Amino acid sequence: MAKRDYYETLGVKRDASEADLKKAYRRLAMKYHPDRNPDNETAETNFKEAKEAYEVLADGQKRSAYDQFGHAGVDPSSRMGGGGPGAAGFGDVFGDIFGDIFGGSGGRRSGPARGSDLQYQLDLSLEDAVRGTETRIRVPARVRCEACSGSGAKPGTSPTACGTCGGRGQVRMQQGFFSIQQTCPQCRGSGTVIGSPCTDCGGQGRVQKTKTLQVKVPAGVDEGDQIRLAGEGEAASGGGATGDLYVQISLKPHSIFSRDGDNLYCEVPVSFSAATLGGSLGIPTLGGRANLKIPPESQSEQVFRLRGKGVRNVRNGAVGDLFCKMKVETPVNLTRKQKELLSEFDRLTGEGGDRHRPREGSWTGKLKSFFEDIVS
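Residues numbered from 1 in each chain as written. Predicted model: local features only at pLDDT ≥ 70, side-chain atom pairs only at ≥ 80, totals over all residues. Heavy atoms only, no water.

S.K.: How do you make sense of the pairing of strand β12 (residues 279-285) when you look at a structure like this?
M.R.: Both faces of the sheet carry side chains from a regular strand, because those side chains alternate between them. Here 7 bridges tie β12 to strand β13 (residues 288-294), and the two strands are oriented antiparallel to one another. Bridging from a neighbouring strand, G282 pairs with N291 of β13. The hairpin turn running from β12 into β13, its antiparallel successor, is 2 residues long. (Pairing = 2+ DSSP bridges. Helix = DSSP H or I, 4+ residues; strand = E, 2+ residues; numbered from the N terminus.)

So, in structure tokens, the structure goes:
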């Protein structure tokens, strides 16, 4: 089967810069790395192809030869016994690319791989997020097999040293003038092989199970915050370190409040008479009831700020505010008497003109000017 064009594999143009190559490879490596796609042969193949393409194109001399002669110009069969640039497994000679993604070691690691991290979405009410809470969660994960204690070997037997790497988990490959140390393709870095697999886990050293965990949620967490539970992720195949569990916070919609950072927002219906004459209004807060003083002649959409009635920041302890937007409510379902009184009230305020209705007077003046301009 013919190899894909290296530029096509990385998804870059033929004049791509070194930075473009590195960015493209990093994106593909994050997507297809075996640590993130256990037991996925397609991802394994894609990772190998991307790795091989980057190793060639990132080298100036190899890239020049490839641009001139294609795959034939960089065929390493005469130097590596037909292995190819990416054939030695998942070891990655470019540690600077993987150093900040997979814990600082890149592909050049010895010993079994670490278990995968898991993520769990925890839906919280606004009250629980603001005050903090403790809750139980159930998480499906692959955990260490109890029958073989995670070794993968049948009880009564033990894994043996890998014959390919001598138990080191690494092999040294000669690539032209360079000697490259890579993860052993036989044992995949564990240094051991299993002759008699455990029947409970099939030699994987782990089994599928649903774990029940207690999660302590600190006060003040917000949408998207994560709580890390170390060692509660998936067990590794071959006895490596267990991954972590990241509990991601998601806030349920609230019937009264909306939240933006440490501040809370709500809309408060106010009667026409209360907005006109002023008064005091009881306002709900997450800490209890508060009184909001409404000045006379307040307008709809006016916002009032209650300091310190928001959320205490989970990191620095600062407390946000509560912002209340006033919504003047138009009376409905009026009786005849009420309508008569309102009509009389409207007549009396209309006689005062701009003195009682400044916005209406301003609007009327703008309309008059507008129509005069059209006529002229």
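S.K.: What exactly am I supposed to notice about the environment of G73 here?
M.R.: Looking at the element boundaries, G73 is found in the loop between α4 (60-69) and α5 (77-80). Since its relative accessible area comes to 32%, G73 is described here as partly exposed. Spatially, the C-alpha atoms of G73 and K62 are 7.8 Å apart, while their sequence positions differ by 11 residues. (Buried < 20%, exposed > 50% of the residue type's maximum accessible area, 1.4 Å probe, protein only.)

S.K.: I'm lost on the sheet that holds strand β8 (residues 226-229) in this one. Help?
M.R.: Strands pair in a sheet through their backbones, by hydrogen bonds, and they do so in one of two ways: parallel or antiparallel. Across the sheet, which stays open at both edges, the 3 strands sit in the order β1-β9-β8 with mixed pairing between neighbours. Strands at the two margins of the open sheet, each flanked by one partner only, are β1 (118-124) and β8. Averaged over all pairs of adjacent strands, the angle between their axes in this sheet comes to 25 degrees, without regard to strand direction. With 7 bridges joining them, β1 and strand β9 (residues 245-251) adopt parallel strand pairing. Residue L124 lies in a different strand from β9, and its bridge partner there is L251. (Axes fitted to C-alpha atoms, helices over the stretch in contact; angles between N-to-C directions.)

S.K.: I tried to follow the side chain of T349 on my own but got confused; where do I start?
M.R.: For T349, the location among the structural elements is in helix α9 (residues 336-351). The residues touching T349, leaving out its near neighbours within four places in the chain, are H356 and R357. (Contact = heavy atoms within 4.5 Å.)

S.K.: Looking at this structure, how should I read the nonpolar core?
M.R.: Side chains that are nonpolar tend, in soluble globular proteins, to be buried together. Grouped together as the largest cluster of nonpolar side chains are 21 residues, with contacts concentrated most on Y6, L10, V12, L21, L57 and Y66. Among the elements of the structure, α1 (6-10), α2 (18-32), α3 (41-57) and α4 are those that each provide at least two residues to this core. Sorting elements by how many residues they give to this core places α3 first, with 7 residues. Core analysis: the next-biggest nonpolar cluster, separate from the first, contains 19 residues, V130, L292, F304 and M326 among them. (Core = buried A, V, L, I, M, F, W, Y, C linked by side-chain atoms within 4.5 Å.)

S.K.: What is the right way to look at the packing of aromatic side chains in this model?
M.R.: Ring pairs (aromatic) are described by centroid distance and by the angle formed between their planes. One pass over the structure, following the stated rule, counts 5 aromatic pairs. For the pair Y7 and Y66, a centre-to-centre distance of 6.1 Å together with 45 degrees between the ring planes defines the contact as tilted. Pair noted here: Y7 is in helix α1 and Y66 is in helix α4, with a separation of 59 residues, a long-range link. Y66 gets classed as buried once you look at its relative accessible area, which sits at 3%. On the numbers, 5.2 Å between centres and 15 degrees between planes, the contact of Y265 with F323 is stacked. Separated by 58 residues along the polypeptide, Y265 in strand β11 (residues 263-271) and F323 in strand β15 (residues 322-329) bring together distant segments of the chain. Judged by its relative accessible area of 17%, F323 is buried. Ring pairing ties together the aromatic residues Y6, Y7 and Y66, which thus form one cluster. (Phe/Tyr/Trp six-rings, centres within 6.5 Å; stacked < 30°, edge-to-face > 60°.)

S.K.: What is the right way to read the pattern of salt bridges from this model?
M.R.: Opposite charge on two side chains allows them to pair when their charged atoms are near. Within the structure shown, the criterion is met by 17 salt bridges. One salt bridge connects R305 with D321, and the closest N-O pair in it is separated by 2.6 Å. With R305 in strand β14 (residues 303-306) and D321 in the loop between β14 and β15, this pair connects stretches of sequence that are 16 residues apart. Using a relative accessible area of 45% as the deciding quantity, one classes R305 as partly exposed. Linked through salt bridges whose partners overlap, the residues forming this network are R114, D117, R228 and D244. (Salt bridge = Lys/Arg side-chain N within 4 Å of Asp/Glu carboxyl O.)

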